[in-house]
Amino acid sequence: MSRLVVVSNRVGPVRESAKAGGLAVAIVDALRNEGGIWFGWSGEISPEGTHANLQTEEAGRISMVTLDMDQADYDAFYAGFSNRTLWPIFHYRLDLAEYDRETERGYWNVNERFAARLFPLLKDDDVVWVHDYHFLAMGSKLRSMGARQPIGFFLHIPFPVPEIIAALPNHGALIHAMLAYDVIGFQTKRDARAFIRYFVEEFDGVATEDGLLTVQGRTVKVGAFPIGIDAEAFRSFSVSPDAHRQGKRLKASGEDRCHVIGVDRIDYTKGLAERFHAFSRLLENYPENRNHVSLLQVAPASRGDVDAYVDIREELERITGNVNGRFSDLDWTPIRLITRPLKRRSLAGLYRASKVGLVTPLRDGMNLVAKEYVAAQAEDDPGVLVLSRFAGAAEALDAAVIVNPYDIDEAAEGIQRAVGMPLDERQDRWHRLFDKVQSEDIRAWYTSFLKALRETARRSH
Ligand code: GDG
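For every chain, the first residue of the written sequence is number 1, and numbering continues from 1 onward in sequence order. The model is predicted, so local features are restricted to residues of pLDDT at least 70 and side-chain atom pairs to those at 80 or more, both for listing and for counting; the totals for chains, interfaces and linings are taken over all residues. Side-chain descriptors were evaluated using all non-hydrogen atoms of the structure, hydrogens and water having been removed beforehand.

An α-helical turn contains 3.6 residues, so any two residues separated by three or four positions project in the same direction. Helix and strand labels come from DSSP, where a helix needs a run of H or I of at least four residues and a strand needs a run of E of at least two; each type is numbered from the N terminus. Multiplying 1.5 Å by the helix residue count minus one yields the expected span of that helix. Counted at 1.5 Å a residue, the expected span for helix H10 (residues 272-285) with its 14 residues is 20 Å, and the 20 Å between its end C-alpha atoms agrees. Only protein chains enter the accessibility calculation, which uses a 1.4 Å probe; a residue is then buried when its area is under 20% of its type maximum, exposed when over 50%, and partly exposed in between. Turning to H10, its buried residues number three or more, namely Leu272, Ala273, Arg275, Phe276, Ala278, Phe279, Ser280, Leu282 and Leu283.

Right, dumping it as structure tokens:
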């Protein structure tokens, strides 16, 4: 079997950690099974940057090969074009997108220099799998250096409709460069359709039924490969002693009360302020929930050097203070906000002890928290998932209570429905959800992607 080489911006951690982030969790699972190289940024900034020696660390069947960046790369490539330009645009937030030519140049340069360090490590029969918006141009750089291996790409975030992409200066060059990949995977059918429509409209591309897209003589495979979780492993986490302890602590904080849980990296895409307003509206419109229902929000910081993220944390603290000041009682606090990361096992226990899982992003590629919440529920007394229609997860998890997170009243109604849902309906919905979480699990994700990549490669090489 050919060797798998995974490329992503961040590499590791391989062992269970308290760090938040969906991509790392998913890649570890894939690589653990397949074995191979995981190549990317070390997370360090050094004066030599990408020119310093490669660092290698072995972890079981995974070799982690990383390189540093210098401060200018970090500012332009990472904090700049990736996180201040591409991230907001791909999440439909043109209002937050910043652009300058300098950071765009930095982005292309870092893609090229990372490709130049990776290229000499590749063997002829390797299969290369590049991840996410940091490395849209990696494939084209590898090809221009002579790489003939099959190279696939998976986008973890949404791919917006062409009208939105059009706002990105020089979008033609960047998106066209993606055609260097043999297989281009998205979280949902909707994203794959948007990508195809972009090429049909901008470059007279032609799409066929079986997911092939031909543009100017080059044919690539485009498809939806919904990412999942290791459902069995997460389920066993949820009954581990650690999980049990945390669940008990949560329940003890409010005997017979109903707990609603949210778990998200602090990010403007996650709709946290809207969620807090919806919870406040629940207490306002349905007063029977006062002194009875509380929201626990775990929201560890991410990307603290991007201003928009610091603002959100302050806003959440302010709303929490307002809601608690208005509704708290001597023995009941409506909202608890924890802004430090918790262990995965603890999260699993908290999900299981919570009657409602609130996953209401304004836009999300998939959202693994939705799947983790479902996997952690007890079959005989499952909680209810309230899910945004704008999470990629909603395409498959349609047995959740689906809400529009921009509509605060509708979201409050959704929570109210979930809080009062009878056991038989909860069980029925949960079975339908858990079936999907199990069938579209992490293994299904990477095996179907790698199968498509190996097949396409056989066809065209
Ligand atoms: C991107 C896309 C896509 C959260 N807080 C803690 C913690 N987490 C874990 C969760 C979950 C992961 O982080 C978050 O994954 P999501 O999928 O919800 O979101 P992103 O980080 O934005 O991920 C997303 C994903 O990539 C995969 O393709 O689904 O749409 O945006 O696993 O449990 N983990 C720990 N402590 C925390 O406090 N240990």
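In this analysis, rings of Phe, Tyr and Trp, with Trp reduced to its six-membered ring, are considered paired at centre separations within 6.5 Å, and the interplanar angle assigns stacked below 30 degrees, edge-to-face beyond 60, and tilted for intermediate values. Taken as a whole, this structure holds 29 aromatic pairs when the rule is applied. Look at Trp41 and Tyr78: their rings are 5.5 Å apart centre to centre, the planes differ by 50 degrees, and that puts the pair in the tilted class. Of this pair, Trp41 sits in strand S2 (residues 36-45) while Tyr78 sits in helix H2 (residues 71-90); the two residues are 37 residues apart in sequence, bridging distant segments of the chain. Both residues of the pair, Trp41 and Tyr78, count as buried. When the centroid spacing of 4.9 Å and the interplanar angle of 40 degrees are considered together, the rings of Trp129 and Trp445 count as tilted. Taken as a pair, Trp129 in strand S5 (residues 127-131) and Trp445 in helix H16 (residues 442-460) lie far apart in primary sequence, 316 residues in all. The exposure class of Trp129 is buried, given its relative accessible area of 0%. Aromatic rings pair up to connect Phe39, Phe77, Phe81, Tyr99, Tyr107, Phe114 and Phe135 into one cluster. Two limits define a charge over a ring: the Lys NZ or Arg CZ must be within 6 Å of the ring centre, and within 35 degrees of the ring normal. It is Arg10 that lies over the ring of Trp41; its NZ or CZ is 5.2 Å from the centre. Taking the ring centre of Tyr92 as reference, the NZ or CZ of Arg363 above it sits at 3.9 Å.

This brings us to helix H9 (residues 241-252). Its 12 residues place the ends of H9 16 Å apart at the C-alpha level, agreeing with the 16 Å of an ideal helix rising 1.5 Å per residue. Within H9 the residues assigned to the buried category are Asp242, Ala243, Gln246, Gly247 and Leu250. An end-on view of H9 places all buried positions within 130 degrees of arc, on one side of the element. Facing away from the buried side of H9, by more than 90 degrees, are the exposed residues Pro241, His244, Lys248, Arg249 and Ala252. Residues are treated as being in contact if the distance between any of their heavy atoms lies within 4.5 Å. Tucked inside the fold, the buried residues of H9 contact helix H8 (231-237), strand S11 (258-263), strand S12 (293-298), strand S13 (335-338) and helix H12 (344-352). Directions pointing from the helix axis toward each C-beta atom define the arc.

Sheet strands pair via backbone hydrogen bonds, and the direction of the pair is either parallel or antiparallel. Two strands qualify as a pair provided that DSSP identifies no fewer than 2 bridges between them. The strand order across the open sheet built from 10 strands is S3-S4-S2-S1-S5-S6-S7-S10-S9-S8, with neighbouring strands paired in mixed fashion. One side of each edge strand has no neighbouring strand; the edge strands of this open sheet are strand S3 (55-59) and strand S8 (206-207). The pairing of strand S1 (residues 4-10) with S2 spans five bridges and is classified as parallel. Bridge pairing links Leu4 to Gly36 in S2.

For the pair H2 and helix H3 (residues 101-118), the least separation of the axes is 8 Å and the interaxial angle reads 110 degrees. With respect to each other, H2 and H3 are oriented roughly perpendicular. As for how H2 packs across H3, the hand of that crossing is left-handed. Across the interface between the two elements, Asp73, Ala76, Phe77, Gly80, Phe81, Ser82 and Leu86 from H2 touch Glu102, Thr103, Glu104, Gly106, Tyr107, Val110, Asn111 and Arg113 from H3. The residue classification treats Ala, Val, Leu, Ile, Met, Phe, Trp, Tyr, Cys and Pro as nonpolar and Asp, Glu, Lys and Arg as charged. All others, Gly included, are polar. Residues belonging to the contact of H2 with H3 are distributed by class as follows: six nonpolar, five polar and four charged. Here an angle of 0 to 180 degrees is reported between the N-to-C directions of two axes, which are lines fitted to C-alpha atoms, with helices fitted over the stretch in contact. By definition in this entry, angles of less than 35 degrees are roughly parallel, angles greater than 145 are roughly antiparallel, angles of 65 to 115 are roughly perpendicular, and the rest are oblique. By convention the crossing between two helices is left-handed if the near helix lies anticlockwise of the far one by an angle smaller than a right angle, and right-handed if it lies clockwise.

Moving on to the pairing of S11. Burial analysis of S11 places six of its six residues in the buried class, which makes it a mostly covered element. The alternating pattern of S11 places Cys258, Val260 and Gly262 and His259, Ile261 and Val263 on opposite faces, both of which are buried. Alignment of S11 against S12, held across six bridges, turns out to be parallel. When the sheet's bridge partners are listed, Ile261 is paired in S12 with Leu296. Whether a crossover is right-handed depends on one test, that the path from the first strand over the helix to the second runs clockwise when the strands point away from the viewer. A crossover connection joins S11 to the parallel S12 through H10; in handedness this β-α-β unit is right-handed.

Read from one edge of the open sheet, six strands run S13-S12-S11-S14-S15-S16, paired in parallel fashion. Each end of this open sheet is capped by a strand with a single partner; those strands are S13 and strand S16 (401-403). Across the sheet, the mean angle from the axis of one strand to that of its neighbour is 20 degrees, orientation sign disregarded. Relative to S13, S12 is paired through four bridges, and the arrangement is parallel. Bridge assignment links Leu295 to a residue of S13, and that residue is Ile335. Set on the sheet, helix H14 (residues 408-419) makes contact with S11, S12, strand S14 (356-359), strand S15 (384-388) and S16; between it and S16 the angle comes to about 170 degrees.

Our focus in this paragraph is empty space enclosed by the protein. Over the atoms rolls a probe the size of a water molecule, and its path tells where empty space is left. For each structure, a 1 Å grid was placed over the protein atoms alone; sets of points admitting a 1.4 Å probe that cannot get out are labelled cavities, open sets with protein on both sides within 12 Å along at least five of seven lines are labelled pockets, and lining residues have an atom within 4 Å of a point. Grid points are joined across faces, edges and corners, and a volume is the space filled by probe spheres set on the points. One pass over the full model with this rule turns up four cavities of 30 Å³ or more. Approximately 70 Å³ is the volume found for the largest cavity. In terms of lining, the largest cavity is formed by 14 residues, of which the most central are Gly383, Val384, Leu385, Arg429 and Leu433. The greatest single-element share of the lining of the largest cavity, amounting to four residues, is contributed by helix H15 (residues 423-439). Looking at the lining of the largest cavity residue by residue, the classes come out as 10 nonpolar, two polar and two charged. Lining the second largest cavity, in full, are Glu274, Arg275, Ala278, Leu358, Thr360, Val386, Pro405, Ala411 and Ile415. Mapped onto the lining of the second largest cavity, the elements with two or more residues apiece are H10 and H14. In terms of residue count, the dominant contributor to the lining of the second largest cavity is H10 (three residues).

Another point: the domain arrangement of the chain. Here the chain is partitioned into domain 1 (4-228 + 442-460) and domain 2 (231-439). On a C-alpha basis, the centres of domain 1 and domain 2 stand 30 Å from each other. Two parts lose some accessible area (1.4 Å probe) when they are put together, and adding that loss for both gives the buried area. Around 2300 Å² of area is buried between domain 1 and domain 2 when both sides are counted, 57% of it from carbon and sulfur atoms. Salt bridges, as used here, are contacts in which a Lys or Arg side-chain nitrogen is within 4 Å of a carboxyl oxygen on Asp or Glu. Our count for the contact surface shared by domain 1 and domain 2 stands at zero salt bridges. In protein, a polar contact means a hydrogen-donor-capable atom and an acceptor-capable atom, both N or O and within 3.5 Å, with residues adjacent in sequence counting only if both atoms are side-chain atoms; elsewhere, any N or O pair within 3.5 Å suffices. Counting across the domain 1 and domain 2 interface gives four residue pairs in polar contact (both at pLDDT 80 or more). Those elements that place two or more of their residues in the side of domain 1 that touches domain 2 are helix H1 (22-34), H2 and helix H7 (189-203). In terms of residue count, the dominant contributor to the side of domain 1 that touches domain 2 is H2 (seven residues). When the residues that make up the side of domain 1 that touches domain 2 are grouped by side-chain class, the tally is 16 nonpolar, nine polar and five charged. Each domain's extent was defined by an automatic or database domain assignment.

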